[in-house]
Amino acid sequence: MSVSTAAAAQTICAPLPVLGRDVTVPLVTGGEVGYAALDYAASAPALQRVWDDVAAYAPYYGSVHRGAGYLSQLSTDLFENARRTVAEFLDCRADDQLVFTRSTTDSLNLLAAALPADCQVFVFETEHHASLLPWKDARVTYLDAPRTPRQAVATLESALAGRDPHGPALVCVTGASNVTGELWPVRELAAAAHAHGARIVLDAAQLAPHHPVSVRDLDVDWVAFSGHKLYAPFGSGVLAGRADWLRAAEPYLAGGGASRKVTRRQDGGVDVEWHESAARHEAGSPNVIGAYSIASACKALTEAGFDTLVAREQYLVEKVRTGLAEVPEVRVLSLFGDDAPRVGVISFVVDGWNSSHFAAALSAEYGIGVRDGLFCAHPLVRTLLGSDPQSQGECGAPEAAPGEKSLNAIRVSFGAGTPDEHVDRFVTAVRELVTEGATWTYRTEDGRCVPAV
């Protein structure tokens, strides 16, 4: 650890309390150890604050909207107050709409369904599948992976300059990569989009848990994120932003709640008048607990202070990167280079190891949970791995098409609830596995690498 990092550690706050911090797991080598959850980029543990708030509300749970009873009225107020809290957290504009969805994926599919006719969509190949794939009914231009933030802006500007200037257009971009953790130049990309008459949606799934997200300051038209990455794992997400395309679109789901008035016609059919508010795209009984948990997490992160949270996370990022740099066999994946700012998401490969085998050993022999594979960002990971030599091994090697190399990587990710010990144990485990090898044997079961019994 550098002197500056050691000094900074003295002023860094303790991790926020999360569920699971006292859970122990068995080791194949015998005994148990406290579980080191280092897969925050997939699903972060619930903040204790969120869990306590939900538990306090649970006895008062009732139907939302239109219910005359006390609990229904209370739950309705809770749901709509949650909407306001999240809108404040995102620094939304006064006339923006905030729709509660199931996840980032659901949010972006909702926006895709609301695109005006003949809309052009521009998306980098580096996106998570949630923001890469929903645009199948639009005219999509996939942009090559940039190697610097400046190149990202230039690539987008060049693509937009060649588009049909008379039709609607949308740019979709991530705020922080779910593979490399690198921050993208969102403000500059938004400026480029608007200069060419396009709108922009921000996939903030990996950004919102780590950095403040201001719709106004970034000047994005929409933002989408998931509760389960924001320490609120109750199956809820958010799409917030411009109301006009959402109001003009057919409801994402047809049903109760989205409809304002339904009447029978003389010919036997029905006429429907749909809501123009967020309810238009929230048909069915809403996930009140999911919405409330997101609002609770937003309050908790705001009260903890993002300046403090970011400082602590960067301290952990430097510890991990310094530790991995001391192991020559490890190569950290990056688009923008070592000096690029990033959140607590780091992917890497280890020479001589299949990544699935390495991740299985971290779990079985050290009690460390990480992720291996292509992270639902296949084009990006394949670009980053290229044709670099890897020992494919036999254990857990992903299936590859004929003539195609089997590729996968390891991802370690952490956040506001990660203690120093988990990061220290991870760095030690990587060093020991590389220098000494696994102490156990492993086999493939249902495509996964698992300890051999």
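Provided above is the structure to which this section pertains.
Summary of the structure given here.

Brief notes about the sheet that holds strand E6 (residues 139–143)
- If you trace the seven strands from one edge of the open sheet to the other, you get E4-E10-E9-E8-E7-E5-E6, paired in mixed fashion. Across the chains shown, the open sheet's two edge strands, defined by having one partner strand only, are strand E4 (97–101) and E6. Mean inter-strand twist for the sheet, computed between neighbouring axes without regard to direction, equals 20°.
- Pairing analysis gives five bridges linking strand E5 (residues 120–124) to E6, with the strands arranged parallel. Residue pairing across strands places Phe-124 opposite Leu-143, the latter belonging to E6.
- The strands that helix H6 (residues 149–161) touches are E5, E6 and strand E7 (169–174); relative to E5, the one it contacts most, it runs at about 160°.
- Each of E5, E7 and strand E8 (199–203) touches helix H7 (residues 186–195); the most contacted strand, E8, lies at about 155° to it.

Considerations on the packing of aromatic side chains
- In this structure the tally under the stated criterion is twelve aromatic pairs.
- Between the aromatic rings of Phe-79 and Phe-100, the centroid separation amounts to 5.4 Å while the plane-to-plane angle is 45°, which identifies the pairing as tilted. Remark: Phe-100 occurs in strand E4 and Phe-79 occurs in helix H3 (residues 70–89); sequence separation between them is 21 residues. Here the two residues Phe-79 and Phe-100 agree in accessibility, since each one is buried.
- Linked through ring pairs, Phe-348, Trp-353, Phe-358 and Phe-426 together constitute an aromatic cluster.

What to know about the pattern of salt bridges
- One pass over the structure, following the stated rule, counts 24 salt bridges.
- The partner of Glu-182 in a salt bridge is Arg-342, and the shortest N-O contact between them spans 4.0 Å. In this pair, Glu-182 sits in the loop between E7 and H7 while Arg-342 sits in the loop between strand E13 (330–332) and strand E14 (345–350), placing the two residues 160 residues apart along the sequence.
- In this structure, the salt-bridge partner of Arg-199 is Asp-244, at a minimum N-O distance of 2.6 Å. With a gap of 45 residues between them, Arg-199 in strand E8 and Asp-244 in helix H9 (residues 244–248) connect regions that are remote in the sequence.

A few points about the pairing of strand E19 (residues 448–451)
- Inspection of the sheet shows strand E18 (residues 442–445) paired to E19 by four bridges, in the antiparallel sense. Bridge pairing in E19 links Glu-445 to Arg-448.

Reading guide: rules and limits
- Residues numbered from 1 in each chain as written.
- Predicted model: local features only at pLDDT ≥ 70, side-chain atom pairs only at ≥ 80, totals over all residues.
- Heavy atoms only, no water.
- Pairing = 2+ DSSP bridges.
- Helix = DSSP H or I, 4+ residues; strand = E, 2+ residues; numbered from the N terminus.
- Axes fitted to C-alpha atoms, helices over the stretch in contact; angles between N-to-C directions.
- Contact = heavy atoms within 4.5 Å.
- Phe/Tyr/Trp six-rings, centres within 6.5 Å; stacked < 30°, edge-to-face > 60°.
- Buried < 20%, exposed > 50% of the residue type's maximum accessible area, 1.4 Å probe, protein only.
- Salt bridge = Lys/Arg side-chain N within 4 Å of Asp/Glu carboxyl O.

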